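The chain contents come next:
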Amino acid sequence: SSDVCSSDLDEKPPDVFQVLFDTSKGPVTVEIQRAWAPIGVDHFYQLVKMGYYDGCRFFRVTHAYAQFGINGNVQTNGLWSTAYLPDDPKTRQSNLKGTLTYAHLGANNRTTQLFFNMRNNKDLDTQGFAPIGKVVAGMEVVEKFYDSYGDMPPRGQGPDPSKLQLQGNAYLDAHFPRLDFIKKAVIR
């Protein structure tokens, strides 16, 4: 939102803090650990503080992941979708069920998209997927997110992230109306 001043965005997050995701299926609390991935955590903290994730859909929900983080407002998404983060030096925690991790397509290209691990995905540990936190309350809520659309193309018939980036939530509302979403994400 426009009432966040830049000094708020420069604020360093606490070493450990919680984020409450008020989702369409209920509350999910994630404990974030800065020591696990400080670069990713600092960016996530800023995005939550500015309300970036409010209204974001869980656009990729499979037996392995519940992915979110493309803002439904095309202009807002455009400002952040190419703000690439350098990788955190190493993966310090395993991608176990319930951990929250940035999605990426290769080295040094994390932006705003994250996913909840819906199962143990230890194979991701050696591929630069560094968890930033874990669900401490509400994993049963995450497990209820609507998953019948399937994976994104080309693996499935689910939402196409490139169309979501270009058309925003209007694309999802028209073609994938049952997706669950984040009403509001707040630091506790």
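Rules and cut-offs
Residues numbered from 1 in each chain as written. Predicted model: local features only at pLDDT ≥ 70, side-chain atom pairs only at ≥ 80, totals over all residues. Heavy atoms only, no water. Helix = DSSP H or I, 4+ residues; strand = E, 2+ residues; numbered from the N terminus. Rg over C-alpha atoms; globule rule 2.2 N^0.38 Å. Buried < 20%, exposed > 50% of the residue type's maximum accessible area, 1.4 Å probe, protein only. Contact = heavy atoms within 4.5 Å. Lys, Arg positive; Asp, Glu negative; His and termini not counted. Charge placed at Lys NZ, Arg CZ, Asp CG, Glu CD. 1 Å grid on protein atoms, 1.4 Å probe; cavity = no way out; pocket = protein on both sides within 12 Å on 5 of 7 lines; lining within 4 Å. Points joined across faces, edges and corners; volume = space filled by probe spheres on them. Nonpolar A, V, L, I, M, F, W, Y, C, P; charged D, E, K, R; others polar.

Chemist: Just give me the short version of the overall build of the protein, but keep the residues and values in it.
Modeler: The secondary structure content of the protein amounts to 6 helices and 8 strands. For the protein, the N- to C-terminal ordering of α and β elements is α-β-β-α-β-β-α-β-β-β-α-α-α-β. In terms of overall size, the protein behaves like a compact globule, its C-alpha atoms giving a radius of gyration of 15 Å where 188 residues would be expected to give roughly 16 Å. With respect to the principal axes defined by its C-alpha atoms, the protein has extents near 40 × 40 × 30 Å. Expressed as a percentage of its 188 residues, the buried residues of the protein come to 48%. Long-range contacts, defined here as pairs at least 24 residues apart, represent 69% of the contacts in the protein between residues at least 6 apart. In the protein, 20 positive and 20 negative side-chain charges are present, and the distance between their average locations comes to 4 Å.

Chemist: Could you give an account of the layout of surface pockets, with specific residues and numbers?
Modeler: Where empty space is left can be seen by rolling a probe of water-molecule size over the atoms. By volume, the largest pocket amounts to about 600 Å³. The wall of the largest pocket is formed by 25 residues, among which Gln 67, Ala 103, His 104, Leu 105 and Gln 113 lie closest to the centre. Put simply, the parts of the chain that give the lining of the largest pocket at least two residues each are strand E4 (65–68) and helix H5 (161–167). Per-class residue counts for the lining of the largest pocket are 10 nonpolar, 11 polar and 4 charged.

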